[in-house]
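Observations on the model geometry
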Amino acid sequence: MGIGRGPEQPTAAHAHHAFVITLSLESGIAFSEHEGIWRELPGAVVVPDRPHAFAARGQLFAVIFLDPETREGLWLGRSLRETLNPVVPEKIARELDAPRRFWSEPPGADETARLVLAIVRRMCVGPPPIRPLDEGIVRA
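Residues numbered from 1 in each chain as written. Predicted model: local features only at pLDDT ≥ 70, side-chain atom pairs only at ≥ 80, totals over all residues. Heavy atoms only, no water.

Quick word on the overall build of the protein chain
Heads up, the condition is: Starting at the N terminus, helices and strands are each numbered in turn, a helix being any DSSP run of H or I of at least four residues and a strand any DSSP run of E of at least two. A radius of gyration in this sense is built from C-alpha atoms; the matching globule rule multiplies 2.2 Å by the number of residues raised to 0.38. Whether two residues are in contact is decided by their heavy atoms: any pair within 4.5 Å suffices. Accessibility throughout is a Shrake-Rupley quantity obtained with a 1.4 Å probe, and a residue counts as covered only by protein chains that appear here. His is not counted, nor are the chain ends, whereas Lys and Arg count as positive and Asp and Glu as negative. By convention, the point assigned to a charge is CZ for Arg, NZ for Lys, CD for Glu and CG for Asp.
For the protein chain, the count of helices and strands is 4 helices and 8 strands. Along the protein chain, helices (α) and strands (β) appear in the sequence β-β-β-β-β-β-β-α-β-α-α-α when read from the amino end. Here the protein chain has a C-alpha radius of gyration of 16 Å; the compact-globule value for 140 residues is 14 Å, and the two agree. Taken along the three principal axes of its C-alpha coordinates, the protein chain extends 55 × 35 × 25 Å. Sequence-distant contacts in the protein chain: of pairs separated by 6 or more residues, those separated by 24 or more amount to 77%. Accessible area of the protein chain: about 8,000 Å², with a carbon and sulfur share of 56%. Looking at the protein chain, you have 16 positive and 18 negative side-chain charges, and the mean spots of the two groups are 6 Å apart.

Quick look at the side chain of Ser32
Locating Ser32 in the fold gives a position in strand S3 (residues 29–34). Excluding its chain neighbours within four sequence positions, the residues that come into contact with Ser32 are Ile37, Trp38, His52 and Ala53.

Regarding the packing of helix H2 (residues 93–104) against helix H3 (residues 109–123)
Put simply, the rule reads: Inter-axis angles, ranging from 0 to 180 degrees, are taken between N-to-C directions of lines fitted to C-alpha atoms, where helices are fitted over the stretch in contact. Helix crossings are classified by the rotation of the near helix relative to the far one: an anticlockwise turn of less than a right angle makes the crossing left-handed, while a clockwise turn makes it right-handed. Three residue categories are used. Nonpolar comprises Ala, Val, Leu, Ile, Met, Phe, Trp, Tyr, Cys and Pro, charged comprises Asp, Glu, Lys and Arg, and polar comprises the others, including Gly.
Two numbers describe how H2 lies on H3: the axes approach to 10 Å, and their chain directions differ by 145°. At the point where H2 passes H3, the crossing takes the left-handed sense. Between H2 and H3, the residues in contact are Arg94, Glu95, Ala98, Pro99, Arg101 and Phe102 and Glu111, Thr112, Leu115, Ala118, Ile119 and Arg122, respectively. In terms of residue class, the contact of H2 with H3 is built from 6 nonpolar, 1 polar and 5 charged.

Some thoughts on the sheet that holds strand S4 (residues 37–41)
Two pairing modes exist for strands in a sheet, parallel and antiparallel, and in both the strands are linked by backbone hydrogen bonds. Test applied: In this scheme, strands are said to pair when DSSP sees at least two bridges between them.
The 3 strands are arranged S4-S3-S6 in an open sheet whose pairing can be described as antiparallel. At either end of the open sheet lies a strand with only one pairing partner, and these are S4 and strand S6 (53–55). Averaged over neighbouring strand pairs, the angle between their axes works out to 30° when direction is ignored.

What to know about unusual backbone geometry
Here Asp49, not a glycine, exhibits a phi torsion of approximately 65°, which is positive. Mapped onto the elements of the fold, Asp49 is located in the loop between strand S5 (43–46) and S6. Phi angles above zero are rare outside glycine, and Arg57 is one such case at about 50°. Checked against the element boundaries, Arg57 lands in the loop between S6 and strand S7 (60–66).

Listed below in structure tokens is the structure:
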């Protein structure tokens, strides 16, 4: 999880091979998945490999990059239907105070990992996927 102040200017359209969870810690952030069409949101999840841009306009925000091949990444992928998925602040209200504190009091790795997993799990629906063990691991 990264926390910082966003650039004053919008980013250029870009893509990541990860889920990008962006949470405004002040007011809202503008997101675009299509050139020139912007949506003001309290946060959003962008699915992997999809072009997007955002404009944080100097606001404090948190960003989480989640590998789509992990158990949580597979679960989140099953839960989302759009390229740009608005975050419902009420779903993660309890978790939003921690990133605000992280700006002034950086946590340790364990606390950060717990927070990231809590946020991701609150955005998922249904049961988590069951991942079979790799055959090589089973044989070993």
